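# Analysis of the macromolecular model
Next come the chains, spelled out residue by residue.
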Amino acid sequence: MPNLAPDTPERAPMRSVVSDVVADCLADIDSITDQFLLDVQEIEGYAGSTVDGQDLRDTAVASLELLLRLVGELPLPERLTGVSNALGHRRARQGVPLESLLKAVRMDFRLLWVAMLEKVPAASLPDFTKDAVRVWGAVEFHTIRVHAGYLDELASMAQAKEQQRAFLLSRLLTSDGKDPQLLGQAARALGVDPESQFIVAVAADHAQQAFRERAMAAGVGQHLHEREGALILILEDLPARAGKEPAGTRPWLDQQGCFLAPPARSLAEVPLMLRIALQAVEAVTADASGRQTIRETWGHVAAAQMGEFGPVLAQTVLGPLAAISDHERERLIETLQSYFSSGSVSDAAKELYCHRNTVLNRLARFEQLTGYSPNRPVDAAAVLAALSCQAPVGEPG
């Protein structure tokens, strides 16, 4: 094959049957192109595509001239050196399937061979047929570069699409979810129904790698997003809409160190649920088992939101426990937390390996010291909030 550099001098070839036939075909290139245009319409992916007739003709003329010059070992003008690669890029942007494009390009072999045979003198036909490999080699040379250009364009388009997707997602997540235009753009970019229900989960720092691996294994890795160090899952809850198991109850999520927000009832609620998740995920520590929800983490978030009120509340409710020994204080708080967790004296006794009367006595002792009854809902709420404000992040609250 000749060097495609436009400034590379070409050795003038000796006149041959091939040279004469190529010259005749170049003179007749418009009629050869007409036949190509008829044949290409039969290829699925071209008929009804966005490639218009003039585009097809222009690229066909350039491609056929390139191939004829390669076969005849003629000099290549600069305008033809990038034809193959440019054709691949162009058809990728136009949405022509790769299989259809390559079929059309390889069709050039048959088209050129038939056209050339018609111009070969009968006496020269045996010698000419030996040069079929030159025609095939030229077509393969062209095909390889068309293919490479197509794949390069696909990669560029995918990168641009991902950048646009990330940009729109970032805008959505920092919005109030009330801009209908943004919601529509984000839904199209993400390929979701904006009226669907969505699952929003954020992985704890220590569990990000495992969370990513489980998401990939579950086939939802494409729904992971990284934002300011947080690993976020935003998943359209299609099974819930189909009357099947909701995505939020999938077993792989239960095994992860993450915070699972309440279901977002539409794409518009996703930003709110993400803000909730980012506030609560700090309470998901390595000691926590599996995913955490508002039920388990509300105390941490409430304590963080209370500001100066929190420590005052803790001191008001729990301050009187300073009068007893550290051992008794720890035992009373342990009993309170176990009782609040189940709401059952018997269950607390089983968890603490003691008699139920022991649990009752400790609860009564706490009420005697503080004046707050664990059995009275309004008092219990205050005690729980005080425990959350007092306990280090991650401890039950």
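The notes below deal with the structure included here. (Residues numbered from 1 in each chain as written. Predicted model: local features only at pLDDT ≥ 70, side-chain atom pairs only at ≥ 80, totals over all residues. Heavy atoms only, no water.)

## Digging into the overall build of the protein
When helices and strands are counted, the protein shows 19 helices and four strands. Over its C-alpha trace the protein gives a radius of gyration of 37 Å, far above what one expects of a compact globule, namely 21 Å for 397 residues. Out of the 397 residues belonging to the protein, those deemed buried represent 45%. A separation threshold of at least 6 residues defines the contact pool for the protein, and within that pool the share at least 24 residues apart is 70%. Total accessible area on the protein is roughly 21,000 Å²; 52% of this is exposed by carbon and sulfur atoms. (Helix = DSSP H or I, 4+ residues; strand = E, 2+ residues; numbered from the N terminus. Rg over C-alpha atoms; globule rule 2.2 N^0.38 Å. Buried < 20%, exposed > 50% of the residue type's maximum accessible area, 1.4 Å probe, protein only. Contact = heavy atoms within 4.5 Å. Areas by Shrake-Rupley, 256 points an atom, 1.4 Å probe, with all protein chains shown as cover.)

## A word on the sheet that holds strand β1 (residues 198-203)
Across the sheet, four strands lie side by side as β2-β3-β1-β4; this open sheet has antiparallel pairing. The outermost strands of the open sheet, each flanked by one partner alone, are β2 (224-227) and β4 (258-260). Sheet twist, expressed as the mean angle between neighbouring strand axes with direction ignored, is 25 degrees. Running at roughly 70 degrees to β2, helix α8 (residues 132-173) makes contact with β2 and β3 (230-236) of the sheet. (Pairing = 2+ DSSP bridges. Axes fitted to C-alpha atoms, helices over the stretch in contact; angles between N-to-C directions.)

## Re the packing of helix α6 (residues 98-117) against α8
Contact geometry of α6 with α8 gives a least axis separation of 10 Å together with a crossing angle of 160 degrees. Here α8 runs roughly antiparallel to α6, going by the angle between their axes. For α6 against α8, the interelement crossing comes out right-handed. Facing Leu98, Leu101, Leu102, Val105, Arg106, Asp108, Phe109, Leu112, Trp113 and Met116 of α6, the residues of α8 in contact are Ala132, Val135, Trp136, Val139, Glu140, His142, Thr143, Val146, His147, Tyr150 and Leu151. (Parallel < 35°, antiparallel > 145°, perpendicular 65-115°, else oblique. Left-handed = near helix turned anticlockwise from the far one by under 90°.)

## Some words on a negative patch on the surface
Negative charge collects at one region of the surface, where Glu330, Glu334, Asp347 and Glu351 lie side by side. Residue position: Glu330 is located in helix α16 (residues 326-342). (Patch = residues over 30% accessible without salt bridge, like charges linked within 9 Å, V, L, I, M, F, W, Y side chains within 5 Å. Salt bridge = Lys/Arg side-chain N within 4 Å of Asp/Glu carboxyl O. Lys, Arg positive; Asp, Glu negative; His and termini not counted. Charge placed at Lys NZ, Arg CZ, Asp CG, Glu CD.)

## Focus: the side chain of Ser338
For Ser338, the position within the fold is in helix α16. The contact partners of Ser338, leaving out residues within four places of it in the chain, are Ala348, Glu351 and Leu352.

## Remarks on the pattern of salt bridges
Under the defined criterion, the tally for this structure stands at 15 salt bridges. Ionic pairing is found between Arg90 and Asp55, a salt bridge with its closest N-O pair at 2.9 Å. Linking Arg90 in helix α5 (residues 83-93) with Asp55 in helix α3 (residues 53-71), this pair joins segments that are 35 residues apart in sequence. Through salt bridges with shared partners, a single ionic network connects Asp55, Arg90 and Arg91.

## So, the packing of aromatic side chains
Enumeration over the complete set of coordinates arrives at four aromatic pairs. A ring pair is formed by Phe109 and Trp136, whose centres lie 5.2 Å apart and whose planes are at 90 degrees; its orientation type is edge-to-face. Pair noted here: Phe109 is in helix α6 and Trp136 is in helix α8, with a separation of 27 residues, a long-range link. You can call Phe109 partly exposed: its relative accessible area is 22%. A network of ring pairs unites the aromatic residues Phe109, Trp113, Phe128 and Trp136 as a single cluster. (Phe/Tyr/Trp six-rings, centres within 6.5 Å; stacked < 30°, edge-to-face > 60°.)

## Describing helix α15 (residues 309-318)
Restricting attention to buried positions, one finds in α15 the residues Gly310, Leu313, Ala314, Val317 and Leu318. On an axial view of α15, the arc spanned by its buried residues comes to 100 degrees, and they lie on one face. Set apart from the buried face of α15 by more than 90 degrees, the exposed residues are Pro311, Val312 and Gln315. Of the surrounding secondary structure, the elements contacted by the buried residues of α15 are α14 (294-306), α18 (356-370) and α19 (377-390). (Arc of directions from axis to C-beta.)

## Digging into the nonpolar core
Val40, Tyr46 and Met116 are the most contacted members of the largest nonpolar core, which totals 45 residues. Among the elements of the structure, α1 (17-27), α2 (29-40), α3, α5, α6 and α8 are those that each provide at least two residues to this core. If we skip the residues at most four places from it in the chain, Tyr46 touches Val40, Leu56, Arg91, Val96, Ser100, Leu101 and Ala104. Membership of the second largest hydrophobic core comes to 27 residues, among which are Ala186, Val192, Ala261 and Leu267. (Core = buried A, V, L, I, M, F, W, Y, C linked by side-chain atoms within 4.5 Å.)

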